[in-house]
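Below are the chains, spelled out letter by letter.
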Amino acid sequence: QQQVKQSPQSLIVQKGGISIINCAYENTAFDYFPWYQQFPGKGPALLIAIRPDVSEKKEGRFTISFNKSAKQFSLHIMDSQPGDSATYFCAAGVGTYKYIFGTGTRLKVLA
Amino acid sequence: DVKVTQSSRYLVKRTGEKVFLECVQDMDHENMFWYRQDPGLGLRLIYFSYDVKMKEKGDIPEGYSVSREKKERFSLILESASTNQTSMYLCASSSGSYYGYTFGSGTRLTVV
């Protein structure tokens, strides 16, 4: 019940395309769902986060879609750019500070 | 900006050595965490602390201990390093619920 399943493991997208990364969870008590972006040699950085009282949150080219009934959430990167090439992690937490992370998606955007 | 500083970027240690990984944050955050990152396994929580001298086990605490004597500093200790502890270690801090973590740049530890 504590797992967060993330897919795909890797993703290759053409410049200008849409990148979509999916996560699923089991614990219905989770109420905070952040996404992190990690570049090589750096620690993960908070990208965008959502709480389950909304179905979508958009910040620039990044959008989280949240489906509470299906217990799934996804990250959409619109107009993907080579600079978006990084590893992305979803996470889930129970309103506290302790998150469960997905296994990560390595995104490569081709120029 | 909150800064989380890990004392070493790369470390090479021998099997059986006692290893100390240090982490310092500069924004007076109550909560601090140690994760290890391995390919295909994501980030796994080793220990966390929500106050000075307080600590709680995460998902994979075996072979590790921690120390938090001051609010800004959280140390991870490998009591007797083993080759299966070769990994990237990430420290993070947060001010509380719904605020996300700030991570350090990580320490890549190799145990030979």
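For clarity, every value in this text was computed on a predicted model and none was experimentally measured.

(A) Just the interface of chain B and chain A, in detail. Taken together, the contact pairs 23 residues of chain B with 21 residues of chain A. Interface of chain B and chain A: buried area, both sides summed, is about 1,800 Å²; carbon and sulfur atoms make up 56% of it. Three residues stand out in chain B for area buried against chain A, namely Leu43, Tyr98 and Tyr101 of chain B, and they jointly supply 34% of the buried area on that side. Put simply, chain B and chain A have zero salt bridges between them. Summed over the shared surface of chain B and chain A, the number is six residue pairs in polar contact (both at pLDDT 80 or more). Residue assignment for the side of chain B that touches chain A shows that the elements contributing at least two residues are β4 (31–38), β5 (42–49) and β9 (87–94) of chain B.

(B) Inspection of the pairing of strand β7 (residues 64–70) of chain B at higher detail. All names here are of chain B. Relative to strand β8 (residues 73–78), β7 runs antiparallel, the two being bridged by five bridges. Counterpart to Lys70 in the pairing with β8 is Arg73. A loop of two residues connects β7 with β8, the two strands running antiparallel in sequence.

(C) Seen up close, the environment of Cys90 of chain A. Residues and elements named next belong to chain A. Along the chain, the position of Cys90 falls in strand β9 (residues 86–93). Under the relative-accessibility criterion, Cys90 is labelled buried at 0%. Ignoring anything within four residues of it in the chain, the contact list for Cys90 reads Val4, Gln6, Cys23, Pro34, Trp35, Phe73, Ile100, Phe101 and Gly102.

(D) Region of interest: the pattern of salt bridges. All names here are of chain B. According to the stated counting rule, one finds 10 salt bridges over all chains in the structure shown. Residue Glu69 pairs with Lys53 through a salt bridge whose shortest N-O separation is 2.4 Å. Of this pair, Glu69 sits in strand β7 while Lys53 sits in the loop between β5 and β6 (56–57); the two residues are 16 residues apart in sequence, bridging distant segments of the chain. Residue Glu69 is classed as exposed on the basis of its relative accessible area, which comes to 52%. When salt bridges that share partners are traced, they join Asp28, Glu30 and Lys71 into one network.

(E) Fine view of a nonpolar patch on the surface. Taken together, the side chains of Ile18, Ile20 and Met78 of chain A make up a nonpolar region of the molecular surface, amounting to roughly 240 Å² of accessible area. Positionally, Met78 of chain A belongs in the loop between β8 (72–77) and β9.

(F) Just the sheet that holds β7 of chain B, in detail. All names here are of chain B. If you trace the four strands from one edge of the open sheet to the other, you get β1-β3-β8-β7, paired in antiparallel fashion. Both edges of this open sheet fall to β1 (4–6) and β7, since each of them pairs with a single strand only. When strand polarity is set aside, the average angle formed by the axes of neighbouring strands in this sheet is 20°. Where strand β3 (residues 19–25) lies against β8, six bridges are found, and the strand directions are antiparallel. Each residue of the ladder has a partner; that of Phe20, found in β8, is Ile77.

(G) Molecular detail of the environment of Arg73 of chain B. Within the secondary structure, Arg73 of chain B sits in strand β8. Apart from the residues within four sequence positions on either side, Arg73 of chain B is in contact with Glu22, Cys23, Val24, Met32, Ser67 and Arg68 of chain B.

(H) Just the nonpolar core, in detail. Ranked by size, the top nonpolar core spans 25 residues in total, and within it Val4, Phe33, Trp35, Phe73, Leu75 and Tyr88 of chain A carry the most contacts. Counting residues per element, this core draws most heavily on β9 of chain A, at four residues. Val66, Phe74, Leu78 and Leu109 of chain B belong to the second-largest nonpolar core, a separate cluster that totals 20 residues.

(I) Focus on unusual backbone geometry. All names here are of chain A. The step from Ser7 to Pro8 runs through a cis peptide bond, and the omega angle for that step is -5°. Tracing the backbone through its elements, the reader meets Pro8 in the loop between β1 (4–7) and β2 (10–14). For Lys71, which is not glycine, the phi torsion reads 55° and is therefore positive. Along the chain, the position of Lys71 falls in the loop between β7 (62–67) and β8.

Rules used in this analysis
Residues numbered from 1 in each chain as written. Chains lettered and ligands numbered in written order. Predicted model: local features only at pLDDT ≥ 70, side-chain atom pairs only at ≥ 80, totals over all residues. Heavy atoms only, no water. Contact = heavy atoms within 4.5 Å. Buried area = accessible area lost by both parts, 1.4 Å probe. Salt bridge = Lys/Arg side-chain N within 4 Å of Asp/Glu carboxyl O. Polar contact = N/O pair within 3.5 Å; in protein donor to acceptor, adjacent residues only side chain to side chain. Helix = DSSP H or I, 4+ residues; strand = E, 2+ residues; numbered from the N terminus. Pairing = 2+ DSSP bridges. Buried < 20%, exposed > 50% of the residue type's maximum accessible area, 1.4 Å probe, protein only. Patch = residues over 30% accessible without salt bridge, like charges linked within 9 Å, V, L, I, M, F, W, Y side chains within 5 Å. Areas by Shrake-Rupley, 256 points an atom, 1.4 Å probe, with all protein chains shown as cover. Axes fitted to C-alpha atoms, helices over the stretch in contact; angles between N-to-C directions. Core = buried A, V, L, I, M, F, W, Y, C linked by side-chain atoms within 4.5 Å.

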